[in-house]
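In case you want the letters, here they are:
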Amino acid sequence: MPREIAVPGRTKEILEHHGFSFKKSLGQNFLMDRNILEKIVLASKAGPEDGVVEIGPGIGGLTEHFAKAAKQVEAFEIDGRLLPVLEETMAPYPNVRIWNEDILNVDIGRVLSENFKHVQDIIITGNLPYYVTTPIIMNLLEQRLPISRMVFMMQKEVAERLAADPGSKDYGSLSIAAQYFADPVKTMVVPKTVFMPKPNVDSAVVRFEIRDTPPVEVEDETFFFRVIKAAFAQRRKTIWNNLQHNLTGRDRREELAAALQEAEVDSGRRGETLTMQEFAHLSTSLKRHLP
Ligand code: SAM
C-alpha cells in the first residue's frame, strides 16, 4: 500500500512528479492533515454501505479517506490537469470514479439515480473551492436531492453565516435559505496552516442534515425567498423601508402596513431580528394583501 496522500512529504512528491502548479482561480488549497480528514469523514457518518459524491478531489487526499470508509465515491474535478494525478493516486481504490466536470454543470440528480442504486445513505462532501462555495451549496440544497447529509469545508466566515441564529450579526438571507432545506451545524474550525498553499483566511467544516420537510409552512416558496431577499437588501434599514423599496413600492404603503400588522411584525424592526417563522407569516400576509 503506498503512503497516505495528504501528508506533506507525499503531497510534495506527487506534485513534483507531475509538475503540478496550483491555480488560485480554481480555489486550489490542498488539505494536509490526517486528523482533520478523519474528522470530516466522522462528521459525515459515512459507512461501508453508503455512496459519496465529492466535489473537487484535487490530488485525492480527502477522496482516499472516503474510499476507505464508504462503498463508492463519485468525485467531480474541474481541472483536467489533475486527471493523470488522480489516476495514479486513486489506483488502489477501485470504488472511486473521477469525473472531469464543473460541478455546477452536473445533473447531480441523474448521477445519483444512475450510480447509487445499491447504497444505503448518500452523502455529498468536499473541501470546497472558495470562489463558488455559496452557489454550490445553494444549488445542491434547492434541488431537493435524495441525500442524507452534506459535509463541506469552507471559509469560516461563510460557515458562520450558514449556521447563524436570528439576531446575530451573521444572520441573513443565506442563513434562512440554508436552514429552510437543512440543519447546518459548524463542526470544527480549521486553521489556514494545514493547507498547501496557505489561504488568507481560516476555514470551518459544516454538516448539513437534510430535512424531510421544511421547518415552516410556506404557500409560495419563490415569493417567500423574494421577501427575505428584500428584507435584507440593506442591513441597517428597517423591515418597512426595505420592503417598501425592494418589494412593494411606495404606492402600496397601506397594504404593506396591513400585512405587517397581520403578521404581527413591528415595522420598525430590522430583517436580522425576524425568525424564519415570522418571515413565513409575513410572506403569507403580503401575498394576501398584494395580489
Ligand atoms: N479535495 C482536495 C483537498 O481537500 O485537498 C482539494 C480541495 S481544493 C480546496 C478545491 C478543488 O476543487 C480543487 O481541486 C479545484 O480544482 C476543484 N474545483 C474548483 N472549482 C470546481 C468546480 N466548479 N467543479 C469541480 N471542481 C472544482
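Look above for the structure.
This write-up is about the structure you can find in this document. Owing to the predicted nature of the structure, the values given are computational and were not obtained by experimental measurement.

1. Digging into the nonpolar core
Counting 63 residues, the largest nonpolar core has Ile-108, Ile-124, Phe-152, Phe-224, Leu-243, Phe-279 and Leu-286 as its most contacted members. Beyond its immediate sequence surroundings of up to four residues, Ile-108 is in contact with Val-53, Phe-76, Ile-103, Ile-124, Leu-140 and Leu-145. If you look at the next biggest cluster of nonpolar residues, it comprises 37 residues, including Ala-6, Ile-40, Ala-69 and Met-196.

2. So, the environment of Leu-162
Counting through the fold element by element, Leu-162 comes out in helix α7 (residues 156-162). Taking the C-alpha atoms as reference, Leu-162 lies 8.7 Å from Lys-186; in sequence the two are 24 residues apart.

3. Concerning unusual backbone geometry
Trans is the prevailing form of peptide bonds, just as negative phi is the prevailing case for residues other than glycine. Looking along the chain, the bond that leaves Met-196 and enters Pro-197 is cis, with omega of -10°. The topology assignment puts Pro-197 in the loop between β8 (195-196) and β9 (203-210). Despite not being glycine, Lys-45 shows a phi value in the positive range, around 60°. Mapped onto the secondary structure, Lys-45 falls in the loop between α2 (34-44) and β2 (51-55). The class of Lys-45 is partly exposed, set by a relative accessible area of 45%.

4. Examining the site of the ligand
Surrounding the ligand, one finds 21 residues, the nearest of these being Leu-31, Gly-56, Glu-77, Asp-102 and Tyr-131. Side-chain polar atom of Asp-102 to a nitrogen atom of the ligand: 2.9 Å apart, as the coordinates give it. Of the residues assigned to the shell around the ligand, the class counts are 10 nonpolar, six polar and five charged.

5. Examining the packing of helix α6 (residues 133-142) against helix α8 (residues 173-181)
At a minimum axis distance of 9 Å, the contact between α6 and α8 shows a crossing angle of 35°. In the crossing of α6 with α8, the sense of the turn from one axis to the other is left-handed. In contact with Thr-134, Met-138, Leu-141 and Glu-142 of α6, α8 contributes Leu-174, Ala-177, Ala-178 and Phe-181. Split into classes, the residues belonging to the contact of α6 with α8 amount to six nonpolar, one polar and one charged.

Definitions and cut-offs
Residues numbered from 1 in each chain as written. Predicted model: local features only at pLDDT ≥ 70, side-chain atom pairs only at ≥ 80, totals over all residues. Heavy atoms only, no water. Core = buried A, V, L, I, M, F, W, Y, C linked by side-chain atoms within 4.5 Å. Buried < 20%, exposed > 50% of the residue type's maximum accessible area, 1.4 Å probe, protein only. Contact = heavy atoms within 4.5 Å. Helix = DSSP H or I, 4+ residues; strand = E, 2+ residues; numbered from the N terminus. Near = heavy atom within 4 Å. Polar contact = N/O pair within 3.5 Å; in protein donor to acceptor, adjacent residues only side chain to side chain. Nonpolar A, V, L, I, M, F, W, Y, C, P; charged D, E, K, R; others polar. Axes fitted to C-alpha atoms, helices over the stretch in contact; angles between N-to-C directions. Left-handed = near helix turned anticlockwise from the far one by under 90°.

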